[in-house]
Every structure is written in structure tokens, then in C-alpha cells.
Amino acid sequence: MNDLKYLSAYTIPVVGLLGITLQGYWSFATPIYAFGIIPILELLLPLDTDNLSEEERTEKLSNPLFDWLLYLNVPLVFGIIIYSLFILTTSPLVIYEIVGMVFSVGIVLGYAINVAHELGHRKKAFERFLGKLLLLPSHYMHFYIEHNFGHHQMAATKEDPATAKYNQTVYSFWITSVFRQYLSAWKIQKQLLKRDQRSFFSIKNDMLWYSIFQLSYLFVIYQFFDLKGLLFALAIGIVGFLLLETINYIEHYGLVRKKMNSGRYERVREIHSWNSNHVIGRVVLYELTRHSDHHYRAAKKYQILDYHDISPQMPFGYPTSMVMSLIPPLWFGVMNKRVPQEMKEAA
């Protein structure tokens, strides 16, 4: 029964579906739930720092339930997108209802990116394909390349677009990370093509394919749901990837890896990502909040990620921290004193 706790992750898309269906002020149900109710629950519920035994770890790795909990998000997320577009173009909605739907469905897409992140690290091509598919509606398919071939090598360094600098606001980070990650993905893609002696127009140019797929996705929506549907699809995608960037912001804020005499950086360790053991954030984000262990051992599946007591600890869970980051003076006041002094000096 304990394994079924991850079903609570589905509460985000289910609440989104409820808001779309009921409309009115219910259109804002998802942002209220994700960034109002969940943070309150995080403050009330205790932390869980327990790690699994070897026997439990083996059992959970052999249980297909954990994989299917991820797979089923694909039809659920795309079903919500199609349903919301249908409601948008057939119902007499007023402006505030449309705004509420944009944020509600956008949050569902941000949740989907988290699932895509987990699947993107898998060894099976089918799972990686599902991960890329979930990135499509957020216009962020390039995340797969930049994250796997860029961020995991350069995290907690000045060269990494997805690492927030000490005293950088989340709003500044949105701009720098969005554009630098996209350019970095193209740079990595060109390096991969050059390594394999392939041309820009090679069938192996994934970035080119991603561009075609994303434009085709928007074109299909325009054909079926006109300009109104296209603008809605663009808006929910932006909300989705800004949620991702907000998570990126809090995951490595102010943390810096040492540069060795050779000019190379020390290897990524448990001290280079912010960790959170708040139970609600852990389960609704498929253990993303145990981010320190994820970077330490990127191939580990979410259900067996560990807590390391040497990892820097966030005072709140990830959902609460995301809200806090939107108020820079509050964020700096809470988090700056938690950044190790030697990392502040290296920033």
C-alpha cells in the first residue's frame, strides 16, 4: 500500500481536469491547489529522511507499478490538453475563466515536464520517447538534449544555464536560463553531429526534428481550434516551461563546484543540489526533491532515491520554495544564509 502513495501525484492533473470542467472560479483550482494547499500541507506534515533497505530497493526496482505510474501520464496530459481546447472553443467563457484555464493547464504541463525528466534518464528508447513526447506541449523538447548532455555535466558551475547564481532573482533567471539552454542545446547538437561526422541536415539532427515536431503540433492545433486555440496552446506551454525554470532555480541556487588546478571542475557531489524531505512535495513530484542523489547517481529511478545528510537542505518543500522564490527579498532572506560561505565566495 505504501507504493500507492505516488498516486497522489495524479491529484495535480485531476484537479486541473476538475477546474476545466466546472469552469467559473474553479478554473483557478490547480494554482490554488498546487501553490496554496500543498504548501500548507508541507508545513503541517513531518519530514521523512528514511532510506530504503537493499531488500526494499530490489523489490521496488522489480515492481512495474512505478513505471506505469509515469507512462499513464501521457494519455492523461494530452487528453487534458485536447479537452481544454474543446471547452475553450465551444463554451462562452469570460476572460477570467480563460486566464484560470491557462494557469491550470499550464501547471499540468509543468507537472508533465517533471515526468518527462524522469523518463528522459531511462535506458529504454520507448521510455525516452515518452519523455520527449511530454515535453512537446511546453515547447521544450530541446530540454532533453541540454539537460542530459549539458546540465548533468555542468551543474553548479557558471557555465551551466540551469544553475542560478547567488543573489540572482528568479525573474532574471527565467530569461537567462530559457535562452541560454536553447542555445546550449543547439551547441551540443552540433558537437554530436560533428563527432559522428554528420551534416546539419542529417536524420540524426534531433534539434531539427524537435523544431519540426513543435511547429507541426502548433499547426495542427491551429487547424482544429483556430487562432484562439493556437494562442491558448502557446500560453499554456509558456506557463509550463516557466514552472520548470522555477524548479531549476531552486534546485541549485547559489551552489558552486570547485575548479581544480587542472582547470576542470570537481565531480558533481551530493552537496551541489538542494534537497528536501518534505513528504508531500516528494510524492507529487516523483521524488524530484531528493535532487542531490539524482545528480549524484543520475541513472537511479525515482522510487529508490536516497537522502544524504551532507546535502544542503531546503527549509521547505519544493512547491513552497517555488512560491517563496517569486518574492526575491523573502527568498534571499531565507536561502542566502544557507548557502555555504565558500560557495558564496566562489560565486
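Bear in mind that the values here come from a model prediction, so they are computed numbers and not experimental data. (Residues numbered from 1 in each chain as written. Predicted model: local features only at pLDDT ≥ 70, side-chain atom pairs only at ≥ 80, totals over all residues. Heavy atoms only, no water.)

Participant: Is there a simple way to think about the pattern of salt bridges in this case?
Facilitator: Pairs can form between side chains of opposite charge once their charged atoms are near each other. Summed over the entire model, instances satisfying the criterion amount to 13 salt bridges. Asp306 serves as the salt-bridge partner of Arg57, at 3.4 Å between the closest nitrogen and oxygen. Taken as a pair, Arg57 in helix 3 (residues 54-62) and Asp306 in the loop between helix 12 (291-296) and helix 13 (318-325) lie far apart in primary sequence, 249 residues in all. Of the charged contacts in the structure, one is a salt bridge between Lys301 and Asp67, with a shortest N-O distance of 3.5 Å. (Salt bridge = Lys/Arg side-chain N within 4 Å of Asp/Glu carboxyl O. Helix = DSSP H or I, 4+ residues; strand = E, 2+ residues; numbered from the N terminus.)

Participant: What exactly am I supposed to notice about unusual backbone geometry here?
Facilitator: Negative phi characterises most residues that are not glycine, and trans characterises most peptide bonds. One non-glycine residue, Gln23, lies in positive phi territory at about 60 degrees. With respect to the secondary-structure elements, Gln23 resides in the loop between helix 1 (11-22) and helix 2 (29-44). Backbone geometry at Glu287 places phi at a positive 65 degrees, although glycine is not the residue there. When you line up the elements, Glu287 lands in the loop between helix 11 (279-284) and helix 12. Residue classification places Glu287 among the buried positions, given a relative accessible area of 2%. (Buried < 20%, exposed > 50% of the residue type's maximum accessible area, 1.4 Å probe, protein only.)

Participant: Is there a simple way to think about the nonpolar core in this case?
Facilitator: Nonpolar side chains tend toward joint burial in soluble globular proteins. If you look at the biggest cluster of nonpolar residues, it comprises 91 residues, and the most contacted ones within it are Leu134, Phe232, Tyr249, Tyr253, Tyr286, Trp331 and Met335. Tallying contributions element by element places helix 10 (residues 206-252) first for this core, with 17 residues. Setting aside its immediate chain neighbours within four residues, Tyr286 contacts Tyr6, Ala9, Tyr10, Leu69, Leu70, Asn73, Tyr111, Asn114, Val115 and Tyr302. (Core = buried A, V, L, I, M, F, W, Y, C linked by side-chain atoms within 4.5 Å. Contact = heavy atoms within 4.5 Å.)

Participant: Even after reading the chapter, I still don't get the UniProt feature "domain: Fatty acid desaturase" (unreviewed entry) in the protein, so can you show me in this structure?
Facilitator: The residues that UniProt annotates with the feature "domain: Fatty acid desaturase" (unreviewed entry) are residues 102-316. The span residues 102-316 carries 59% helix and 0% strand; its end-to-end C-alpha distance comes to 27 Å. (UniProt positions renumbered as here; feature names shortened; annotations may be inferred.)

Participant: Help me understand the packing of aromatic side chains in this model?
Facilitator: Two aromatic rings are characterised by how far apart their centres lie and by the angle between their planes. Applying the stated criterion to the full structure yields 19 aromatic pairs. Relative to Phe241, the ring of Tyr140 has its centre 4.9 Å away and its plane inclined at 10 degrees; by these criteria the two rings are stacked. Taken together, the positions of Tyr140 in the loop between helix 7 (125-135) and helix 8 (143-154) and Phe241 in helix 10 put the pair 101 residues apart, joining distant regions of the chain. The same class applies to Tyr140 and to Phe241, which are both buried. (Phe/Tyr/Trp six-rings, centres within 6.5 Å; stacked < 30°, edge-to-face > 60°.)

Participant: How do you make sense of the UniProt feature "transmembrane region" (unreviewed entry) in the protein when you look at a structure like this?
Facilitator: Sites flagged by UniProt as "transmembrane region" (unreviewed entry) map to residues 32-47, 68-88, 94-114, 207-225 and 231-250. Along residues 68-88 the backbone is 95% helical and 0% strand, and the end-to-end C-alpha distance reaches 30 Å. When the span residues 94-114 is considered, its composition is 95% helix and 0% strand, and the gap between its end C-alpha atoms is 31 Å.

Participant: Honestly, empty space enclosed by the protein in this entry has me stumped. Any pointers?
Facilitator: Where empty space is left can be seen by rolling a probe of water-molecule size over the atoms. All chains considered together, the criterion is met by four cavities of 30 Å³ or more. In this structure, the largest cavity spans a volume of roughly 170 Å³. At the level of secondary structure, the elements contributing two or more residues to the lining of the largest cavity comprise helix 2, helix 6 (95-120), helix 10 and helix 13. With four residues, helix 6 is the single largest residue contributor to the lining of the largest cavity. Residue composition of the lining of the largest cavity, by class: 12 nonpolar, two polar and no charged. Size it by volume and the second largest cavity reaches roughly 100 Å³. (1 Å grid on protein atoms, 1.4 Å probe; cavity = no way out; pocket = protein on both sides within 12 Å on 5 of 7 lines; lining within 4 Å. Points joined across faces, edges and corners; volume = space filled by probe spheres on them. Nonpolar A, V, L, I, M, F, W, Y, C, P; charged D, E, K, R; others polar.)

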